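The residues making up each chain are set out below.
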Amino acid sequence: MKLSFQIAEPAGEAALLVQTTVVPEERAQVARQLLSLRELSAKSVVFLTPPTGRGVLRLETAGGEFSGNGLLQAAMAFAVSRGIRREKKFSLEIAGYDEPLTVHANPLTGQVTAELPPPHSVEKYPFGEKEVPLLQFPGTAYVILKGAALPSDEALRPNLAALAQGLDLPAAGAIAWDFRAGTISSALLLPGADALRRPQCCAASAAAVTAWQALHGREGHHKTALQQPGGVLQSVASLQRGSLRRLTVSGPVALGPFYTLEF
């Protein structure tokens, strides 16, 4: 199989955006092969496929997990591929969510703002020996833990595996949130791939914390700028009549070279 893909990176989280059509049954193997290429140092793989609805492009992942970073990266890649030079609004599609998501990509500044699906929230969800807040996106759920640092991999892995299994999801994550310092760090487990990652910068985690703040605040717009190990991402949540009406995340995206490899 000959694969064409591009490197895209928001703040230290390099992803490979696969342009070649890969059937769903082969995506997990292809993703493993690509991530094994040490010289690329990629953290994730996103498959860009033709849209099935009103979007210009559709994002798929090998495991079915949600990728907020992938939305930012794919938006910039599409804009550049179409010769767009200044800010442009268009819609992308993701697996597990029926509505197109609006994105604003600006190749001139390297900034992207992407709409995310409003997550389902649970006030208290069992996680290990605690009950903690939970935010669930399509394919991925995140729990929010208070404090500046997450537990060790050994402590997180069984609890995240149980979380994914309990909700029948392909991925589960944890976010350490230091409210006073305005910092977060995150971890994501994909049980099917037996992979526990600690991303340097996670768009979904930033959006989850902002959504949680909005749901426990007043009506209107709630904006956060959360520091992560790899940089700062901004997120905005709009609360109307007790429900999230809109959730966005913004950050920089740098595009790298294209590659074509034979597997």
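Our subject is the structure that appears above.
The written sequence of each chain sets the order in which its residues are numbered from 1. With the structure being a predicted model, the display of local features is reserved for residues of pLDDT at least 70 and the display and counting of side-chain atom pairs for 80 or more, all residues being used for whole-chain, interface and lining totals. Values reported for side chains reflect all heavy atoms of the structure, with hydrogen atoms and water molecules removed beforehand.

## A short note on the overall build of the chain
Numbering of helices and strands runs from the N terminus; a helix is a DSSP stretch of H or I covering at least four residues, while a strand is a stretch of E covering at least two. On a plain count of helices and strands, the chain comes out with four helices and 17 strands. Atoms considered for the radius of gyration are the C-alpha atoms alone. The globule rule reads 2.2 Å times the number of residues to the power 0.38. On C-alpha atoms alone, the chain measures out to a radius of gyration of 17 Å, which is about the 18 Å that the 2.2 N^0.38 rule sets for 263 residues. If one aligns the C-alpha atoms of the chain with their principal axes, the spans along those axes are about 50 × 40 × 30 Å. Relative accessible area decides the class of each residue, using a 1.4 Å probe on protein chains only: under 20% of the type maximum gives buried, over 50% gives exposed, and in between gives partly exposed. The buried share of the chain, taken over its 263 residues, is 51%. For the chain, long-range pairs separated by at least 24 residues make up 56% of all intrachain contacts whose partners lie at least 6 apart in sequence. Note on areas: Shrake-Rupley with a 1.4 Å probe; residue coverage comes only from the protein chains shown. Just so you have it, the chain exposes about 12600 Å², and 49% of that area is on carbon and sulfur atoms. Here the chain holds 24 positive side-chain charges and 22 negative ones, and the gap between their average locations is 8 Å. Here a residue-residue contact requires only that any non-hydrogen atoms of the pair lie within 4.5 Å. Charge assignment: positive for Lys and Arg, negative for Asp and Glu; neither His nor the chain ends contribute. In this description, the location of a charge corresponds to atom NZ of lysine, CZ of arginine, CG of aspartate or CD of glutamate.

## Re empty space enclosed by the protein
The rule is simple: put a 1 Å grid over the protein atoms alone, call a set of points where a 1.4 Å probe fits but cannot get out a cavity, call an open set with protein on both sides within 12 Å along at least five of seven lines a pocket, and count a residue as lining if it has an atom within 4 Å of a point. Grid points are joined across faces, edges and corners, and a volume is the space filled by probe spheres set on the points. For the structure on display, the rule yields one cavity of 30 Å³ or more. A volume near 120 Å³ is recorded for the largest cavity. Throughout, the ten residues Ala, Val, Leu, Ile, Met, Phe, Trp, Tyr, Cys and Pro are labelled nonpolar, Asp, Glu, Lys and Arg are labelled charged, and all others, Gly among them, are labelled polar. Here the residues of the lining of the largest cavity are counted per class, giving seven nonpolar, three polar and two charged.

## Overview of the pattern of salt bridges
Salt bridges, as used here, are contacts in which a Lys or Arg side-chain nitrogen is within 4 Å of a carboxyl oxygen on Asp or Glu. Applying the stated criterion to the full structure yields seven salt bridges. Taking the shortest distance from any N to any O, the salt bridge between R58 and E60 comes out at 2.8 Å. Just as R58 is buried, E60 falls in that class too. The partner of R58 in a salt bridge is E93, with the nearest N and O atoms 3.3 Å apart.

## So, the pairing of strand β2 (residues 15-18)
Here β2 shows a buried face lined by A15 and L17 and a second buried face lined by L16 and V18. DSSP-based pairing: two strands are paired if at least 2 bridges between them are found. Taken together, the four bridges between strand β1 (residues 2-9) and β2 define a ladder with antiparallel strand orientation. If you follow A8 over to β2, its bridge partner there is A15. The pairing of β2 with strand β3 (residues 44-49) spans four bridges and is parallel. Within β3, the residue paired with L17 across the bridge is V46. Look down the strands so they point away from you; if going from the first strand over the helix to the second traces a clockwise path, that crossover is right-handed. In the classification by handedness, the crossover that spans β2, the intervening helix α1 (residues 24-35) and the parallel β3 is right-handed.

## Here we look at helix α3 (residues 153-167)
Any helix carries an expected span of 1.5 Å times its number of residues minus one. Along its 15 residues, α3 runs 21 Å from first to last C-alpha, staying within 8% of the 21 Å computed at 1.5 Å per residue. Every buried residue belonging to α3 is among L156, L160, L163 and A164, and all of these are buried. Burial along α3 is one-sided: seen end-on, the buried residues are contained in an arc of 95 degrees. Opposite the packed face of α3, turned more than 90 degrees from it, sit the exposed residues E154, Q165 and G166. Downstream of α3 by a residue or two, D168 has a phi angle that is positive, lying close to 55 degrees. In this description, the arc belongs to the directions extending from the helix axis to the C-beta atoms.

## Observations regarding the packing of aromatic side chains
To pair, rings of Phe, Tyr and Trp, with the six-membered ring standing in for Trp, must have centres within 6.5 Å; the planes then decide the type, stacked if under 30 degrees apart, edge-to-face if over 60, and tilted in the middle. By the definition in use, this model includes five aromatic pairs. Note on F78 and F90: the rings are 5.0 Å apart at their centroids and 50 degrees apart in plane angle, and the pair reads as tilted. Of the two residues, F78 sits in helix α2 (residues 68-81) while F90 sits in strand β5 (residues 88-94), which places them 12 residues apart along the sequence. Per residue, the accessibility class of F78 equals that of F90, and both read buried. Plain terms: the ring middles of F137 and Y142 are 6.4 Å apart, the flat faces sit at 80 degrees to each other, and that makes the pair edge-to-face. The ring of F47 has R27 sitting right over it, with the charged end atom 5.6 Å from the ring centre. To sit over a ring, a charge needs its Lys NZ or Arg CZ within 6 Å of the ring centre and within 35 degrees of the ring normal.

## Overview of the environment of L134
Relative to the elements of secondary structure, L134 occurs in strand β9 (residues 130-137). Overall, L134 belongs to the buried group, its relative accessible area being 0%. In contact with L134, not counting residues within four places along its chain, are H120, S121, V122, Y125, A141, Y142, V143, L163 and L167.

## As for the side chain of Q228
As for its placement among the helices and strands, Q228 is situated in strand β14 (residues 220-228). In the analysis that follows, any N or O atom pair within 3.5 Å is treated as a polar contact, provided that within protein one partner can donate a hydrogen and the other can accept it, and provided that, for residues neighboring in sequence, both atoms belong to side chains. Of the polar contacts made by the side chain of Q228, one reaches the backbone nitrogen of C202; its length is 2.7 Å. Every residue in contact with Q228, bar those within four places of it in the chain, is listed here: I184, Q200, C201, C202, A206 and L233.

## A word on the environment of V80
As for its placement among the helices and strands, V80 is situated in helix α2. Separated by 74 residues in sequence, V80 and Q6 have C-alpha atoms that sit 12 Å apart. Leaving out residues up to four positions away in the same chain, V80 has contacts with P107 and L255.

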